[in-house]
Amino acid sequence: MTTWTPPAYADPTTFTERDITLDATVPGTLTLPTRQADVGVVLLAGSGPFDRDGTSGPNKPLKDLAWGLATRGVAVLRFDKTTANRPEAMTEPGYTMTAEYLPHAIAAVRALAEHVDRVVLVGHSMGGKVAPMIAAAEPLVAGVVIMAGDTEPMQRSAVRVMRYLAETTPEVIPPGTVELFERQAAVIDDPGLNLETPSSELPFGLPASFWLDLRAYDPVATAAKLDVPILVLQGGRDYQVTVADDLPGWRAGCPERDHHRPRRRQPLLLRRHRPVHDGRLPGPRKRGPGSHHHHPRLVALSK
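Below or above, wherever it landed, is the structure these notes cover.

**Looking at the pairing of strand β4 (residues 75–79)**
With five of five residues buried, β4 is to be regarded as a mostly interior element. Relative to β4, strand β2 (residues 26–33) runs antiparallel, the two being bridged by four bridges. Of the residues in β4, the one forming a bridge with Leu 30 is Leu 77. Across three bridges, strand β3 (residues 39–44) lies against β4 in parallel orientation. Bridging from a neighbouring strand, Gly 40 pairs with Ala 75 of β4.

**Some thoughts on the packing of aromatic side chains**
Across all of its chains, the model carries five aromatic pairs by this definition. Centroid distance Phe 181 to Phe 204: 5.5 Å. Interplanar angle 65 degrees. Geometry classified as edge-to-face. Taken together, the residues span a long stretch of sequence, with Phe 181 in helix α5 (residues 177–189) and Phe 204 in the loop between α5 and α6 (208–215) at a distance of 23 residues. Centroid distance Phe 210 to Trp 211: 5.1 Å. Interplanar angle 90 degrees. Geometry classified as edge-to-face. Looking at Phe 210, the relative accessible area reads 1%, which means it is buried. For Trp 211, a relative accessible area of 0% translates into the label buried.

**Topic: helix α2 (residues 97–112)**
When the terminal C-alpha atoms of α2 are compared, their 22 Å separation across 16 residues agrees well with the 22 Å that a helix rising 1.5 Å per residue should span. Taken together, the buried positions of α2 are occupied by Met 97, Thr 98, Glu 100, Tyr 101, Leu 102, His 104, Ala 105, Ile 106, Ala 107, Ala 108, Val 109 and Leu 112.

**What about the side chain of Gln 184?**
With respect to the element layout, Gln 184 can be found in helix α5. Among the residues examined, Gln 184 registers a relative accessible area of 8% and is labelled buried. Setting aside anything within four residues of it in sequence, one finds Gln 184 in contact with Ser 200, Glu 201, Leu 202 and Pro 203.

Cut-off values and rules
Residues numbered from 1 in each chain as written. Predicted model: local features only at pLDDT ≥ 70, side-chain atom pairs only at ≥ 80, totals over all residues. Heavy atoms only, no water. Buried < 20%, exposed > 50% of the residue type's maximum accessible area, 1.4 Å probe, protein only. Helix = DSSP H or I, 4+ residues; strand = E, 2+ residues; numbered from the N terminus. Pairing = 2+ DSSP bridges. Phe/Tyr/Trp six-rings, centres within 6.5 Å; stacked < 30°, edge-to-face > 60°. Expected span 1.5 Å × (residues − 1). Contact = heavy atoms within 4.5 Å.

This is the structure we're talking about:
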């Protein structure tokens, strides 16, 4: 089996790492550049029992990102999700997205703020989806980066994915799978969903507590109320053939606000992603004569 190797853009001589513990129970890693960092990033993994590195086979994308950012002078804190060492917790009654992310992410932001002036959340997939909630709850958050964060309800995304897989790789999708996910999605959409609904009737065997929590959360509406810079990095997906991807959802809900004229809405800036070469992340812009203290709600949407 291939083992993880550092990415070519990372220089381990430019930073140090040490293990920390959040809330006395959650292990994490603090990565600090050897020179003083002004900006720090808290990384949020996607759905599933991921560790602080986002480990999947030989791949450790969050570690790659942490080392790359630290090489560019950005401090990083990443932590294990509570389900990383107890994946069975995902199927236990009472499990929710909010409980899994919110308290520990807030603790991470506060811990990192002891080392830098500004802390930015960078979340992938569900980590991106929940990032606006964390920013709304913690005033120390100075910016949000959402990478492939979904706006469509998760149960509907699951149906779409299964349809795509059934069409493209029917040999790996048992007959009736699509219909099963459609029935389960309908149960979640039903107003009658409650904590007593059996998990066997719901997608992935996740308990009703998870779906009720998720159903009550609107990431776009939450993001639209934030007064910090937001960067959305969203790519198209092959399985979204007949349904628009999540980019229009962020675009519709979070129109860009002109930095110098906060009361006038500007057309949303929509452009393809260009690499950031200086390692800096979104943060408060320097203010000149006649400028305002307001941040644009959306810095950019990239595809």
